[in-house]
Amino acid sequence: MAVADSPVPDLAGRANACADRLRASDRVLLASHIDADGLTSAAVASTALARAGIDHEVVFEKQLDDAAIDGIAATTYETVLFTDFGSGQLDAIAEHESAGDFTPVVADHHQPADADTELHLNPLLEGINGASELSGAGASYVLARALEGPDGDNRDLAALAVVGAVGDMQDSDGELVGANAQIVRDGVDAGVIETRTDLDLYGRQTRPLPKLLEYASDVTIPGVSNDEAGAISFLADLDVDAKRDGEWRRWVDLDGTERQTLASGLMRRAVASGVPADRIEALVGTSYTLVDEEAGTELRDVSEFSTLLNATARYDRAGVGLAVCLGDRGDALAEARRLLRTHRRNLSEGLQWVKTEGVTHEENLQWFDAGTRIRETIVGIVAGMAIGSPAVDSSKPVIAFAEESADELKISSRGSHALVRRGLDLSAVMREASRAVGGDGGGHDVAAGATIPADERDAFLAEADRLVGEQL
């Protein structure tokens, strides 16, 4: 692929070097993370490898710690492709590389460790923001484009890359920007993505209208949000047939005029209720529709697709999510939907627990310790939901603890983009505070995680509080 053809020209040289190494390998082990971005990263890379005729196997890791890297080194693969993680663990990976255990190829977007490796595709190395401009799936997509043969075209994989970016909350200001926007353009050109300015509420494809409005918590509208009767009454006052043949309609079922009527009514209600102007603006954003997927299903809307994927790997069923990404619309999709119902119930119960128990406030941050009451693979999602709810103070980052094992605590932290603009970098906080107590961590400025010894919680909190105070 010519450099000019790269969706992210600044990364073309790195992508081509990685692609050349992969082509020269007999077999490749592809290791990826278990969230929506990790699953789509793996699917994009796996499809590109298959199309290039490169024999490979896919494995998933909850976290890429020393034990996981040792396990990878013990395999017979000479080349290992890491997607959506690897950069932050390069110090450990580099030791195995120098010992001749394997050659690493890394396509990631997280903060790199101090060590480096020759085949390292990461937007941060070229001054591109890995938290808001390119996701792990985006990095895999740049690699996939570099793996195209003379007559190949991997632009259809932009659809999965966009699911990964949105799953990684990179559209939090209403649309995808930077390198992500170029990937969207590729998807539009390839005929797999459609964009439009739309009401920015989760569940446009699948939720009945009252539920769409009731559960819209990003922008709280008094008398509608978190209020089932209020949402139904609001719809009754509009000149829109909210029901048809006795069944509630969904946003996807409305025509353009009806959508306009509902959106305008929502804006008027927000203004009348005193919702701040910047929050009202957040009601409108860019929607990304996957045109090859069936209308009215979770797979048609990238936000709903990413939630479906989170519901698989976070319950130790990464293979199910990968199969859906690779096109299985039979058994794998049915199983993913079953897992999604469980996931939604667990998230709802987790958020309710945080609201009931409340959070503990330190000077610069707030925290809760869920113990075993919230699964450690979803406690970060619950923390993110709490940030958007009245349960926590949005002027401080929130730190969530959950029991990973008898010996270890899993930590997830979430902030807001407003706090990041003021200097918050949770990646640095998690890494430094966890290492100070014998653990390790990292991630992004707005969302990061760590693992620490179970008895070091209070010492970790004191150090994290100090670090956040310095940043803000």
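All figures in this text were calculated on a predicted structure; none of them were measured in a lab.

1. Looking at the environment of alanine 406
Thought 1: Summarising the element assignment, alanine 406 is placed in the loop between strand E12 (398-403) and strand E13 (408-414).
Thought 2: A C-alpha to C-alpha distance of 7.2 Å links alanine 406 and alanine 454, two positions 48 residues apart in sequence.

2. Points about the packing of helix H6 (residues 158-167) against helix H7 (residues 179-189)
Thought 1: Between H6 and H7, the least distance of the axes is 8 Å, while the angle of their chain directions is 145 degrees. With respect to the hand of their crossing, H6 and H7 are arranged in left-handed fashion. Facing H6, whose interface residues are Ala158, Ala161, Val162 and Ala165, H7 presents Asn180, Ile183, Val184, Asp186 and Gly187.
Thought 2: Grouping the amino acids of the contact of H6 with H7 by side-chain chemistry returns six nonpolar, two polar and one charged.

3. Comments concerning the side chain of threonine 117
Thought 1: Assignment of secondary structure puts threonine 117 in the loop between strand E4 (103-107) and strand E5 (120-121).
Thought 2: Not counting chain neighbours up to four residues away, the residues in contact with threonine 117 comprise Leu90, Glu97, Pro104 and Val106.

4. Topic: unusual backbone geometry
Thought 1: Backbone geometry at aspartate 84 places phi at a positive 65 degrees, although glycine is not the residue there.
Thought 2: Considering the arrangement of structural elements, one finds aspartate 84 in the loop between strand E3 (79-83) and helix H4 (90-98).
Thought 3: Given a relative accessible area of 1%, aspartate 84 falls into the buried group.
Thought 4: One non-glycine residue, methionine 169, lies in positive phi territory at about 60 degrees.
Thought 5: Structurally, methionine 169 is set in the loop between H6 and H7.

5. Quick notes on helix H18 (residues 457-471)
Thought 1: Its 15 residues place the ends of H18 21 Å apart at the C-alpha level, agreeing with the 21 Å of an ideal helix rising 1.5 Å per residue.
Thought 2: Among the residues of H18, Phe460, Leu461, Ala464, Asp465, Leu467 and Val468 are the ones counted as buried. Viewed end-on, H18 has its buried residues packed into an arc of 170 degrees, placing them on one side of the element. H18 presents Asp458, Ala462 and Glu470 as exposed residues on the side facing more than 90 degrees away from its buried surface.
Thought 3: Looking at the buried positions of H18, the neighbouring elements they touch are strand E11 (366-369), E12, E13, helix H17 (426-436) and strand E15 (447-453).

6. Quick look at the nonpolar core
Thought 1: Ranked by size, the top nonpolar core spans 88 residues in total, and within it Leu22, Leu81, Leu143, Val162, Phe305, Phe368 and Ile374 carry the most contacts.
Thought 2: Sorting elements by how many residues they give to this core places helix H14 (residues 331-357) first, with nine residues.
Thought 3: Ranked by size, the runner-up nonpolar core spans 24 residues in total, among them Phe234, Trp251, Ala263 and Leu266.

7. Details of the UniProt feature "domain: DHH-CID" (unreviewed entry) in the protein
Thought 1: The residues that UniProt annotates with the feature "domain: DHH-CID" (unreviewed entry) are residues 201-284.
Thought 2: Overall, residues 201-284 shows 44% helix and 6% strand. The separation of its end C-alpha atoms is 8 Å.

8. Concerning the UniProt feature "domain: DHHA1" (unreviewed entry) in the protein
Thought 1: The UniProt record annotates "domain: DHHA1" (unreviewed entry) at residues 384-469.
Thought 2: For residues 384-469, the end-to-end C-alpha separation is 20 Å, with 38% helix and 28% strand making up the annotated structure.

9. Description of the packing of aromatic side chains
Thought 1: The tally for this structure, following the rule as stated, stands at five aromatic pairs.
Thought 2: Taken together through their ring pairs, the aromatic side chains of Phe82, Phe85 and Phe102 make up a single cluster.
Thought 3: Its guanidinium or amino end placed over the ring of tyrosine 77, arginine 27 lies 4.1 Å from that ring's centre, counting from NZ or CZ.
Thought 4: The ring of tryptophan 248 carries the charged tip of lysine 243 above its face, separated from the ring centre by 4.8 Å.

10. A few points about the environment of alanine 12
Thought 1: For alanine 12, the position within the fold is in helix H1 (residues 12-23).
Thought 2: The class for alanine 12 is buried, based on a relative accessible area of 0%.
Thought 3: Sequence-wise, alanine 12 and arginine 145 are 133 residues apart; in three dimensions their C-alpha atoms are separated by 9.4 Å.

11. Points about the sheet that holds strand E2 (residues 55-60)
Strands pair in a sheet through their backbones, by hydrogen bonds, and they do so in one of two ways: parallel or antiparallel.
Thought 1: A sheet is described by the order of its strands in space; here five strands give the open sequence E2-E1-E3-E4-E5, paired in parallel fashion. A single partner strand is all that each edge strand has here, and the edge strands are E2 and E5.

12. Things to note about H14
Thought 1: Helix length check: H14 (27 residues) gives 39 Å between terminal C-alpha atoms against 39 Å at 1.5 Å per residue, within 8%.
Thought 2: Along H14, the residues classified as buried are Ala332, Leu333, Glu335, Ala336, Leu339, Leu340, His343, Leu347, Gly350, Leu351, Trp353 and Val354.
Thought 3: Close packing links the buried residues of H14 with helix H12 (302-313), helix H13 (318-325), E11 and helix H15 (379-387).
Thought 4: Just past H14, the residue glycine 358 takes up positive phi, approximately 80 degrees.

13. A word on the environment of valine 192
Thought 1: Note on placement: valine 192 falls in the loop between H7 and strand E6 (193-199).
Thought 2: On a C-alpha basis, the gap between valine 192 and aspartate 292 in space is 6.3 Å, while along the polypeptide they are 100 residues apart.
Thought 3: What valine 192 contacts, discounting residues up to four positions off in sequence, is Arg155, Asp156, Ala159, Gly187, Thr289, Leu290, Val291 and Asp292.

14. A closer look at the sheet that holds E11
Thought 1: The six strands are arranged E10-E11-E12-E13-E15-E14 in an open sheet whose pairing can be described as mixed. Both outer strands of the open sheet, strand E10 (360-361) and strand E14 (440-443), are each paired with one neighbouring strand and no more.
Thought 2: Across seven bridges, the pairing between E13 and E15 is antiparallel. Residue pairing for E15: leucine 409 is matched across the bridge by isoleucine 452.
Thought 3: Packed onto the sheet, H17 meets E12, E13, E14 and E15 and runs at close to 175 degrees relative to E14.

Cut-off values and rules
- Residues numbered from 1 in each chain as written.
- Predicted model: local features only at pLDDT ≥ 70, side-chain atom pairs only at ≥ 80, totals over all residues.
- Heavy atoms only, no water.
- Helix = DSSP H or I, 4+ residues; strand = E, 2+ residues; numbered from the N terminus.
- Axes fitted to C-alpha atoms, helices over the stretch in contact; angles between N-to-C directions.
- Left-handed = near helix turned anticlockwise from the far one by under 90°.
- Contact = heavy atoms within 4.5 Å.
- Nonpolar A, V, L, I, M, F, W, Y, C, P; charged D, E, K, R; others polar.
- Buried < 20%, exposed > 50% of the residue type's maximum accessible area, 1.4 Å probe, protein only.
- Expected span 1.5 Å × (residues − 1).
- Arc of directions from axis to C-beta.
- Core = buried A, V, L, I, M, F, W, Y, C linked by side-chain atoms within 4.5 Å.
- UniProt positions renumbered as here; feature names shortened; annotations may be inferred.
- Phe/Tyr/Trp six-rings, centres within 6.5 Å; stacked < 30°, edge-to-face > 60°.
- Lys NZ or Arg CZ within 6 Å of the ring centre and 35° of its normal.
- Pairing = 2+ DSSP bridges.

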